[in-house]
Amino acid sequence: FFFISTQIYANERWVIDKNLSYIKFEVPVLFAKNVSGKFNKIDGFVEIDQEDRLNNKAIFSVDIKSIDLNYNKYKELILSDIFFNVNKYPISVLDTKKFSYENEESILLNIELTIKGISKIIPVNLKVSDYSEDFVQVKAIASFSRNDFKIGTGQWSNTVILKDKINLESNIFLVKE
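Residues numbered from 1 in each chain as written. Predicted model: local features only at pLDDT ≥ 70, side-chain atom pairs only at ≥ 80, totals over all residues. Heavy atoms only, no water.

Participant: Outline the pattern of salt bridges, listing residues and values.
Facilitator: Within the structure shown, the criterion is met by 7 salt bridges. Measuring nitrogen to oxygen at the nearest pair gives 3.7 Å for the salt bridge that ties Glu12 to Lys176. On the criterion of sequence distance, the pair formed by Glu12 in strand 1 (residues 12–16) and Lys176 in strand 11 (residues 165–176) is long-range, its members being 164 residues apart. Assessed through its relative accessible area of 30%, Lys176 is described here as partly exposed. Ionic pairing is found between Glu47 and Arg13, a salt bridge with its closest N-O pair at 3.0 Å. (Salt bridge = Lys/Arg side-chain N within 4 Å of Asp/Glu carboxyl O. Helix = DSSP H or I, 4+ residues; strand = E, 2+ residues; numbered from the N terminus. Buried < 20%, exposed > 50% of the residue type's maximum accessible area, 1.4 Å probe, protein only.)

The following block contains the structure:
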């Protein structure tokens, strides 16, 4: 019998602090105040590959119905099939796939964003702040085309009213499990 001993490294798992974390967005509007909002219900995790730091991954989900808007009277319209279609697609997903991480404070990642069943890769700038061994803050800034995800169809697809670019800002707090 041969017994080969290898050191096995466990992946380090971090979960989102749902009470502190949020994702905000802003859509520029011509001749009016920009549409801005905040998603209050997000969930997710990050796994850090302790052995070689190359097979890290993060997946976050956003409950679209948890949206707060500066134009609250348009919430039903925003949740309708014209914009997010929450009856068919109640959740949006951000997936990093595999990425490398060596304790950097700033990272540029290409993240797969899925909205309304449509997936696109978008670049995301991350800033990581370690507050303790088991508590980390990750701030992110990104932008994407709303037309790529069919957000705002029909009369709303005209960029004279709503501009095409959606800006995202997230503030994610992670706790080590």
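Participant: Just give me the short version of the pairing of strand 3 (residues 35–39), but keep the residues and values in it.
Facilitator: Here strand 3 shows a clear split, with Val35, Gly37 and Phe39 buried on one side and none of Ser36 and Lys38 buried on the other. Relative to strand 3, strand 2 (residues 22–27) runs antiparallel, the two being bridged by 5 bridges. By the bridge assignment, Val27 is partnered in strand 3 with Val35. Of the strand pairs in this sheet, strand 3 and strand 6 (residues 67–69) are connected by 3 bridges, and their pairing is antiparallel. If you follow Gly37 over to strand 6, its bridge partner there is Leu69. (Pairing = 2+ DSSP bridges.)

Participant: How would you summarise the pairing of strand 4 (residues 42–48) if you had to cite specific residues and measurements?
Facilitator: Along strand 4, 6 of the 7 residues are buried, which leaves the element largely enclosed by surrounding structure. Where strand 1 meets strand 4, 4 bridges bridge the pair, whose relative direction is antiparallel. Residue Arg13 lies in a different strand from strand 4, and its bridge partner there is Glu47. Relative to strand 5 (residues 57–63), strand 4 runs antiparallel, the two sharing 6 bridges. From the neighbouring strand, Ile42 faces strand 5, where its bridge partner is Val62.

Participant: Now, about the layout of surface pockets: what can you tell me, with residues and values included?
Facilitator: What the largest pocket holds in volume is close to 630 Å³. The wall of the largest pocket is formed by 34 residues, among which Val46, Leu126, Val128, Val138 and Leu174 lie closest to the centre. The biggest single contributor to the lining of the largest pocket is strand 9 (residues 118–132), with 6 residues. A volume near 480 Å³ is recorded for the second largest pocket. Breaking the lining of the second largest pocket down by element, the ones donating at least two residues are strand 2, strand 3, helix 1 (75–79), strand 7 (91–95), strand 8 (106–115) and strand 11. If one sorts the elements of the lining of the second largest pocket by residue count, strand 2 sits on top with 3 residues. When its residues are assigned to classes, the lining of the second largest pocket shows 25 nonpolar, 1 polar and 2 charged. (1 Å grid on protein atoms, 1.4 Å probe; cavity = no way out; pocket = protein on both sides within 12 Å on 5 of 7 lines; lining within 4 Å. Points joined across faces, edges and corners; volume = space filled by probe spheres on them. Nonpolar A, V, L, I, M, F, W, Y, C, P; charged D, E, K, R; others polar.)

Keep in mind these values describe shape, not function.
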